[in-house]
Amino acid sequence: MRAFMQRRLAAWIRRRQGADHLPITLHRRRIYILPTRTGMAFGALLGLMLIAGLNYANSLALLMTFLLAGLALVAMHGCHRNLLGLNVTELSSQDSFAGTAATLQLRFTNSAAQPRIGLEVALDGRAQPPTMCSAPPRGEVVVKLQIATPRRGLMPVGRLRLMTTWPYGLFRAWTWMHVTHEVTVYPRPGGQRPLPRAAGARGGGAPRESAEADEWANLRAFRDGDSPRQVAWKAYARGAPLLVKEYTASGSTERLFDFAALAGLDTEQRLSQLARWILTSAADGERFSLKLPQSSIELDQGQLHRQRCLRALARFGSEACA
């Protein structure tokens, strides 16, 4: 019965608010507030104090009762005011591989002169604990949520809950945000098949022995065994992490990764094998193309090409990729 009522309530809130598009300003109609368990116990205590004060005609007990009731009313107003007028200005995420945690980033902007203290951000229907944050006066705060990605594809974020029990924990004010954002989840790299045979050297040239004579491709994180001569020391001196320059030889090979060529594997195993090939070739600075049943990606190289191919694998079966 409780789960049924929660589903009905969630459907009513969705119809009442509709889909949200950033930026979002939290106004009165979308903020809900109720007493917490502590607040209900506090209310029951005030009721007992009122009955005892009236029964014994104790003015001091009545004064204390009304004083605490006034404090509770102020706490209710402060709890509601902690969310009122807050702006949600940014929602973004980073692509991830299946089985790893994706990071969802939200940016809250506080245009008021008072700070917003004790904000809790959580994803509806997921077991992750809420993330706590506070927004400074006339400032902003960035909140990062970790989302489990058990399978590849486009994973909708769903409902986000923003809640607060500030200042005394007597009341709980919350709001729901129905965002249309999706997280792109790549297939988990796997498979044991070797890379397809290279189509040959581009332009007929032979690879050059010196890295300085090759074409610069990109930067990657430093790994044990990398030569110190390839480290981007200028970027490191400016405060960047330790990065290594990657070069592509002028005679780099070309490979075709074909979905249909992976006979004997099911769909997800083929996508995992293709993902591993893409990562390997991209790390080696090779040029490669991707061929899927309903689409293909032309020959290219670099991080953007790697990302485009992996996104095509993530979307496979849900929509056609360019």
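Scroll up for the structure.
Everything numeric here is computed off the predicted structure, so don't read it as measured data.

Can you walk me through the side chain of Asp258 in this structure?
Relative to the helices and strands, Asp258 resides in strand E15 (residues 254–258). Although Asp258 lies buried, it forms no salt bridge, and the closest oppositely charged side chain, Lys291, sits 4.6 Å away as judged by the N-O distance. Among the polar contacts made by the side chain of Asp258, one reaches the main-chain amide nitrogen of Ala260 at a distance of 3.0 Å. In this structure Asp258 touches Leu274 and Lys291, once residues within four positions along its chain are discounted.

I'm lost on the packing of helix H2 (residues 37–56) against helix H3 (residues 59–81) in this one. Help?
When two helices pack together, their arrangement is given by the angle between the helix axes and the distance between those axes. Between H2 and H3, the shortest axis-to-axis distance is 8 Å and the interhelical angle comes to 155 degrees. Comparing the axis directions of H2 and H3 gives the class roughly antiparallel. For the element pair H2 and H3, the recorded crossing hand is left-handed. For the pair H2 and H3, the contacting residues are Phe42, Leu46, Met49, Leu50, Gly53 and Leu54 in the first and Ala61, Leu62, Met64, Thr65, Phe66, Leu68, Ala69 and Ala72 in the second. Class assignment for the residues of the contact of H2 with H3 results in 12 nonpolar, 2 polar and no charged.

Even after reading the chapter, I still don't get the sheet that holds strand E17 (residues 295–300), so can you show me in this structure?
Strand-to-strand pairing in sheets goes through backbone hydrogen bonds, with the strands running parallel or antiparallel. Taken together, 3 strands build an open sheet; the order of strands is E15-E16-E17 and the sheet is mixed. Only two strands of the sheet have a single neighbouring strand rather than two, namely E15 and E17. Averaged over neighbouring strand pairs, the angle between their axes works out to 10 degrees when direction is ignored. The pairing of strand E16 (residues 287–292) with E17 spans 4 bridges and is antiparallel. Considered in E17, the bridge of Leu290 is made with Ile297.

Quick notes on the rules
- Residues numbered from 1 in each chain as written.
- Predicted model: local features only at pLDDT ≥ 70, side-chain atom pairs only at ≥ 80, totals over all residues.
- Heavy atoms only, no water.
- Helix = DSSP H or I, 4+ residues; strand = E, 2+ residues; numbered from the N terminus.
- Buried < 20%, exposed > 50% of the residue type's maximum accessible area, 1.4 Å probe, protein only.
- Lys, Arg positive; Asp, Glu negative; His and termini not counted.
- Salt bridge = Lys/Arg side-chain N within 4 Å of Asp/Glu carboxyl O.
- Polar contact = N/O pair within 3.5 Å; in protein donor to acceptor, adjacent residues only side chain to side chain.
- Contact = heavy atoms within 4.5 Å.
- Axes fitted to C-alpha atoms, helices over the stretch in contact; angles between N-to-C directions.
- Parallel < 35°, antiparallel > 145°, perpendicular 65-115°, else oblique.
- Left-handed = near helix turned anticlockwise from the far one by under 90°.
- Nonpolar A, V, L, I, M, F, W, Y, C, P; charged D, E, K, R; others polar.
- Pairing = 2+ DSSP bridges.

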